[in-house]
Amino acid sequence: MPREPAPKPRVFAEREKMSPASLKIPIVPSGREKEARGKLYARYRQLWLYSVCFTAFVSLTPLVIMTFVNFYQYKKALTEEMTHQVSRMTSISRRFMDDFLREQRAALTFVVKHQSYEELCDQQKLGRTFLDMKESFGGFVDVGVIDSDGNQRSYVGPYDLQGKNYRDQEWFNEVGIRGVHVSDVFMGHRNLPHFVIAVRQHEPLSGSFYILRATIDTKVLDSYFDSLDLTSSSDAFLINQEGVLQTRPIHHGNVLDPCPVSTPPSSPPTDVLETTTHEGTPIILGYAYVEQSPFIFVVLKRPEDVMKNWLLLQSDILWLLVTSVVLIVVVVLWSSTSLVNRIREADRHRDKTLHSIAYTNKMASIGRMAAGVAHEINNPLAIINENTGLMKDLLSLDDEPPKKERLLHIADTVLKSVNRCGNITHRLLGFAKRMDPAIEPVALGPLLEEVLSLHGKQADYRRVAVNLDVPEGLPTIESDLGQLQQVFLNILSNAFAAVDDGGRIDIALSREDENTIAVAISDDGIGISERDIESIFEPFFSTKGDYGTGLGLSITYGIVQNLGGQIDVQSKVAEGTTFTVRLPVKRRN
Amino acid sequence: MKPLRILIVDDEEDLAFTMAERLTLRGYRAEAVTCATDALQRVGEDEFDVVVLDVKMPGIDGLHLMAEIKQQHPDLPVILLTGHGSTADAERGMREGAAEYLMKPIDIEKLIEKIENSTALKKDEKP
Amino acid sequence: MSELSPQRRHELELAFFGRIGAHVSHEMRNVLSIVGEYAGLLADLVAAAGNGRPLDCEKLAQLSGNIAAQVRKGTETMGRFSRFAHAADQRNASFDLTSLVADVAVLAQRHLARAGCTLEARLPDGAIPVTGDPFGLQHAVFSAVELLVEFLKKGESATIKLDAEGSTAVITIQGRATVTTSELSARISRLSPESKQWKGRVDTSCTEGLLSLAFEIPIQ
């Protein structure tokens with residue numbers, strides 16, 4: 001039964017109302033921004049810390065090491081110098097002692113060889129000899145002859161020694177054995193210190209021996225010690241092996257007092273030791289055993305002297321070290337801070353620039369997409385237009401009324417075109433609604449279909465075979481729809497640019513593992529050379545000459561990274577290229 | 001007067017044939033083809049007074065096709081049909097020798113006007 | 001007026017693009033659904049004829065005409081959208097200010113219509129050439145319209161004017177609204193006009209209940 005058509009169209013099913021509320025400006029979640037800024041701050045803090053520690057370590061360690069090395073070198077040098085001084089003094093003094101005693105011995109030996117036993121026993125002759133000796137050699141206080149029985153046969157000197165017998169005395173035995181004797185110092189004539197030298201001479205007539213003995217004063221020795229020019233912290237003297245002072249020390253003590261230090265060891269016969277006095281004061285002790293005598297030359301040096309200089313030097317070094325360290329630390333802190341600040345600024349600038357570029361890129365692609373939609377819709381609209389125009393023509397221009405079938409066909413064509421337009425506007429709405437970034441479940445299959453449809457015309461035009469393989473049961477992934485669109489749009493654009501007319505593009509999805517889905521986009525186009533493949537994701541790298549800004553792939557790379565995924569490329573020149581994007585099913589932050 | 005022979009070239013079948021029919025209903029001799037190869041073939045086989053062609057087409061660029069047609073028939077006026085995205089191409093086409101251009105969806109009256117204008121010029125030029 | 005960070009501005013511009021895209025999509029949907037209805041009705045009529053009933057040629061011709069009218073409307077909308085999308089592609093270009101404001105005015109009219117208000121557009125006859133960012137400017141002007149709508153009372157009318165005064169062009173959006181200065185400044189900060197990009201200024205004032213937002217752009 002024919003209906004009576006209403007004068008106005010009946011139902012407008014899908015007219016959607018836009019309320020002012022839905023037009024409000026969207027607010028970006030600020031929490032994410034703060035979190036990102038916090039992480040960034042920590043990263044620069046860490047960088048600053050590393051820089052400071054490393055630079056400080058590198059600059060301070062050698063300084064400190066050198067300072068300590070210097071410190072010990074100085075100490076060693078000072079100590080060595082000190083011991084060297086002492087050592088020299090000791091050896092010089094020993095030589096002097098040796099020479100002195102040798103000289104005195106030689107004098108006696110000369111006398112004893114030059115004069116006969118009888119002459120020597122003659123008191124008067126001995127007296128004359130004695131005067132000659134005194135004049136030539138000085139230091140002799142007395143002289144006397146002692147026979148092999150120990151009797152004093154003659155004597156010239158201040159003591160009263162006539163008739164004395166020395167047979168039981170140790171020195172007599174020593175002379176008998178050794179042929180020479182040097183005695184310890186004793187207080188003698190005029191209460192001044194003296195010592196005795198005795199030499200033995202073989203008597204050819206009786207076959208025994210006799211001894212010429214002389215007393216010598218210590219004036220020469222004293223004058224030697226005076227000449228030593230010692231500082232107040234040093235002292236030098238002779239001691240005997242029992243530790244009794246044989247000369248007067250320059251600074252403390254007197255002749256025949258006990259030595260303030262313990263007797264040094266006889267082996268080695270001369271050495272420099274670091275030891276202490278009987279009171280515990282640390283000293284440097286130089287000693288030398290004087291041969292063929294009971295004497296030991298001793299020089300004491302208190303380290304304080306040098307110590308004072310050393311302490312001054314020490315404090316100088318310390319101050320220098322401290323100032324240098326402070327200076328270096330200040331410079332390190334300042335330079336590290338300014339360096340990290342510069343880096344942060346540069347990073348910020350770069351991020352801003354990259355962001356700006358990414359945005360420009362995005363807007364440009366969106367603009368092109370929108371313009372593409374407007375263009376696509378032209379044809380179906382034109383078809384509707386022409387067909388309704390034709391209908392009008394058929395109804396008015398033609399003489400006979402048009403066939404029913406014809407009119408129905410036209411109406412049908414119009415409806416088909418309306419559907420086609422509907423699909424296009426539906427896609428437009430889809431893109432438009434998703435310009436707000438949000439993490440939502442994304443089905444990759446439908447997403448790729450949608451992105452492919454944008455290139456549908458191009459695929460037809462250029463007879464490029466496109467194949468989309470989506471396995472059953474592929475889960476949705478948690479991601480940002482808008483950004484994923486951008487990624488695949490970009491890769492597909494590249495693929496279309498690379499293939500020749502009649503080429504093919506394959507898109508295969510697969511579940512690589514529990515949390516990864518891989519999207520492989522392969523084309524059989526021009527391919528990428530081995531050399532270029534390394535830089536393919538770098539910004540400003542382009543093989544398209546003037547047409548490519550070179551930014552698409554670098555931004556794509558950045559987006560994929562941001563989404564927690566990976567992108568890589570394999571290609572062979574003239575064979576084709578495959579881009580593989582791996583995305584996590586669940587986002588892990 | 002002999003009716004003007006018009007060749008319509010557009011990849012959209014529904015559009016091309018409908019336009020041709022509408023022109024035929026108005027007394028012209030209009031023919032439609034949907035690809036460039038066919039267009040070149042027809043232009044070679046028969047004589048046409050004007051060619052109406054879509055600037056954006058598969059296989060071969062509309063302007064390219066115009067150039068090829070002009071090579072064979074330098075005096076044959078060409079009217080370009082363009083959509084919103086291809087106005088730049090249309091302007092270029094004008095510089096390269098197209099007689100007129102028109103935006104889709106087409107107003108049939110305007111199309112007829114442009115067809116008459118372009119062929120009138122041609123007629124005037126004939127000795 | 002505080003300047004927005006580039007990132008924020010980008011986000012707002014993207015959202016703006018999305019909104020316009022959504023608008024266009026809805027408008028086209030409407031157009032298409034009407035055409036679909038008419039075509040369906042047409043088919044019904046034709047199918048009904050032949051069963052004894054003659055073809056109501058007049059009716060069919062009328063329907064065809066209606067469809068054609070809708071197609072014209074759709075074409076206009078897409079034309080505007082195409083221009084809009086093109087602007088997003090070229091951020092520094094010379095363009096005609098009059099046609100840009102005309103486009104925005106159409107958008108604004110629809111927007112106000114949905115809010116129960118009316119918009120009157122007063123544009124000059126000739127073109128006004130300017131150089132700058134057409135997209136940014138559209139965004140700025142449309143944001144101002146949205147701002148005005150928030151404070152406009154239902155049933156009120158607003159105007160959008162374009163005047164050329166010497167070397168400067170002024171776009172003014174006005175409407176009767178009562179709003180305190182603090183409210184206004186809070187909202188103004190959400191406006192995104194980056195004056196640098198289209199080398200102009202924005203003025204806002206609210207005197208005697210008339211809210212006025214003016215954009216000054218130098219004429220090149």
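Residues numbered from 1 in each chain as written. Chains lettered and ligands numbered in written order. Predicted model: local features only at pLDDT ≥ 70, side-chain atom pairs only at ≥ 80, totals over all residues.

## Let's talk about the overall build of chain C
(1) Moving on: If you tally the helices and strands in chain C, you get 6 helices and 7 strands.
(2) Moving on: Ordered by position in the sequence, the α and β elements of chain C form the string α-α-β-α-β-β-α-β-β-α-α-β-β.
(3) Moving on: Within chain C, the fraction of its 220 residues that count as buried is 45%.
(4) Moving on: For chain C, the share of sequence-separated contacts (at least 6 apart) that also reach a separation of at least 24 residues comes to 78%. (Helix = DSSP H or I, 4+ residues; strand = E, 2+ residues; numbered from the N terminus. Buried ≥ 20, exposed ≤ 12 C-beta atoms within 10 Å, placed from the backbone. Contact = placed C-beta atoms within 7 Å.)

## Quick look at the overall build of chain B
(1) Moving on: Looking only at helices and strands, chain B has 5 helices and 5 strands in total.
(2) Moving on: Counting only contacts in chain B whose residues sit at least 6 apart along the sequence, the fraction spanning at least 24 positions is 58%.

## As for helix H8 (residues 444–454) of chain A
(1) Moving on: All of the buried residues along H8 of chain A are Leu444, Leu448, Val451 and Leu454 of chain A. Buried positions in H8 of chain A, seen along its axis, are confined to an arc of 105 degrees and lie on one side of it. (Arc of directions from axis to C-beta.)

## Some thoughts on the confidence of the model for chain B
For residues with low pLDDT, the predicted coordinates do not support detailed interpretation.
(1) Moving on: Taken residue by residue, chain B gives an average pLDDT of 86. The fraction at 70 or more is 90%.
(2) Moving on: Here helix H5 (residues 108–125) of chain B stands out as the least confident element of chain B, with mean pLDDT 81; strand E1 (residues 5–9) of chain B is the most confident, with 94. (pLDDT = per-residue confidence, 0-100.)

## A word on the confidence of the model for chain C
Residue and element names in this part refer to chain C.
(1) Moving on: Per-residue confidence for chain C gives a mean pLDDT of 80, with 85% of residues at or over 70.
(2) Moving on: Least confident of the elements in chain C is helix H6 (residues 195–198), whose mean pLDDT is 50; most confident is strand E2 (residues 118–122), at 90.
(3) Moving on: In the predicted assembly, ipTM is 0.81 and pTM is 0.52.

## Side note on the interface of chain C and chain A
(1) Moving on: Across the boundary between the two partners, chain C contributes 60 residues, which contact 56 residues of chain A.
(2) Moving on: Looking at the side of chain C that touches chain A, the elements that each hand over two or more residues are helix H1 (6–48), helix H2 (57–89), helix H3 (97–114) and helix H4 (134–151) of chain C.
(3) Moving on: If one sorts the elements of the side of chain C that touches chain A by residue count, H1 of chain C sits on top with 34 residues.
(4) Moving on: Residue classes in the side of chain C that touches chain A are distributed as 34 nonpolar, 17 polar and 9 charged. (Nonpolar A, V, L, I, M, F, W, Y, C, P; charged D, E, K, R; others polar.)

## Side note on the packing of H3 of chain C against H4 of chain C
Residues and elements named next belong to chain C.
(1) Moving on: Between H3 and H4, the least distance of the axes is 10 Å, while the angle of their chain directions is 30 degrees. By the angle between their axes, H3 is roughly parallel relative to H4. Where H3 crosses over H4, the two elements pack in a sense that is right-handed. Contacts between H3 and H4 pair Leu100, Val104, Leu107, Ala108, His111 and Leu112 from the former with Pro134, Leu137, Gln138, Val141, Phe142, Val145 and Val149 from the latter. (Axes fitted to C-alpha atoms, helices over the stretch in contact; angles between N-to-C directions. Parallel < 35°, antiparallel > 145°, perpendicular 65-115°, else oblique. Left-handed = near helix turned anticlockwise from the far one by under 90°.)

## Observations regarding the sheet that holds strand E16 (residues 566–572) of chain A
Working definition: the strands of a sheet are paired by backbone hydrogen bonds and lie parallel or antiparallel to each other.
Residue and element names in this part refer to chain A.
(1) Moving on: Spatially, E12-E14-E15-E17-E16 is the arrangement adopted by the 5 strands of the open sheet, whose pairing is mixed. Each of the sheet's edge strands pairs with one partner strand only, and the pair in question is strand E12 (465–469) and E16. Neighbour-to-neighbour, the strand axes of this sheet turn through a mean angle of 15 degrees, independent of strand direction.
(2) Moving on: As paired strands, strand E14 (residues 504–513) and strand E15 (residues 516–523) are joined by 8 bridges and run antiparallel to one another. When the sheet's bridge partners are listed, Leu509 is paired in E15 with Val519.
(3) Moving on: Helix-sheet contacts for helix H10 (residues 481–498) involve E14, E15 and strand E17 (576–584), and the interaxial angle to E15 is about 25 degrees. (Pairing = 2+ DSSP bridges.)

## Describing the pairing of E1 of chain B
All names here are of chain B.
(1) Moving on: With 4 of 5 residues buried, E1 is to be regarded as a mostly interior element.
(2) Moving on: In the sheet, E1 pairs with strand E2 (residues 29–33) via 5 bridges, with the strands oriented parallel. Within E2, the residue paired with Ile8 across the bridge is Ala32.
(3) Moving on: Taken together, E1, helix H1 (residues 13–25) and E2 form a β-α-β motif whose crossover is right-handed.
(4) Moving on: As paired elements, E1 and strand E3 (residues 50–54) share 4 bridges and run parallel to each other. Bridging from a neighbouring strand, Ile8 pairs with Val52 of E3. (Right-handed = clockwise from strand over helix to strand, strands pointing away.)

## Some details on the sheet that holds E2 of chain B
Residue and element names in this part refer to chain B.
(1) Moving on: Pairing is parallel across the open sheet formed by 5 strands, whose spatial order is E2-E1-E3-E4-E5. Among the strands making up the open sheet, the edge pair consists of E2 and strand E5 (100–103). The average undirected angle you get between the axes of adjacent strands in this sheet is 20 degrees.
(2) Moving on: Note that strand E4 (residues 78–82) and E5 share 4 bridges and pair parallel.

## Side note on the environment of Ile160 of chain C
All names here are of chain C.
(1) Moving on: Turning to its location among the elements, Ile160 is positioned in strand E4 (residues 157–165).
(2) Moving on: In this structure the C-alpha to C-alpha distance between Ile160 and Val145, which are 15 residues apart in sequence, comes to 8.8 Å.
(3) Moving on: Discounting residues that sit within four places of it in the chain, Ile160 has contacts with Ala105, Ala108, Leu119, Ala121 and Ile173.

## What to know about the environment of Ala67 of chain B
(1) Moving on: Position of Ala67 of chain B among the secondary structure elements: in helix H3 (residues 62–72).
(2) Moving on: Taking the C-alpha atoms as reference points, Ala67 of chain B and Val78 of chain B, 11 residues apart in sequence, are found 9.9 Å from one another.

## Structural notes on the nonpolar core
A general feature of soluble globular proteins is that nonpolar side chains tend to end up buried together.
(1) Moving on: Judged by nonpolar contacts, the single largest core of 126 residues is most densely connected at Ile8, Val51 and Val78 of chain B together with Val35 and Leu148 of chain C.
(2) Moving on: The greatest single-element share of this core, amounting to 18 residues, is contributed by H1 of chain C.
(3) Moving on: Ignoring any residue separated from it by four or fewer positions in sequence, one finds Leu148 of chain C in contact with Ala158, Ile173, Gly175, Ala177, Leu211 and Leu213 of chain C.
(4) Moving on: Formed by 57 residues, the second largest nonpolar core is a distinct cluster that contains Val86, Val145, Phe225 and Phe237 of chain A. (Core = buried A, V, L, I, M, F, W, Y, C linked by C-beta atoms within 7 Å.)

## Comments concerning the interface of chain B and chain A
(1) Moving on: Of the residues lining the interface, 18 residues belong to chain B; the matching set on chain A comes to 21 residues.
(2) Moving on: It is H1 of chain B that provides the largest number of residues to the side of chain B that touches chain A, a total of 7 residues.
(3) Moving on: Residue classes in the side of chain B that touches chain A are distributed as 7 nonpolar, 5 polar and 6 charged.

## Some thoughts on the packing of H8 of chain A against H10 of chain A
Residues and elements named next belong to chain A.
(1) Moving on: Two elements in contact, H8 and H10, have axes whose closest approach is 10 Å; the angle formed by their N-to-C orientations is 50 degrees. One way to sum up the angle between H8 and H10 is to call them oblique. As H8 runs across H10, the sense of the crossing is right-handed. Contact with H8, carried on its side by Leu447, Leu448 and Val451, involves Leu484, Gln485, Phe488, Leu489 and Leu492 of H10 and no other residues of that element.

## As for the pairing of E4 of chain C
All names here are of chain C.
(1) Moving on: Where E2 lies against E4, 5 bridges are found, and the strand directions are parallel. Bridge pairing in E4 links Glu120 to Thr159.
(2) Moving on: Looking at chain direction, E4 and strand E5 (residues 168–176) are connected through 8 bridges and run antiparallel. From the neighbouring strand, Leu162 faces E5, where its bridge partner is Ile171.

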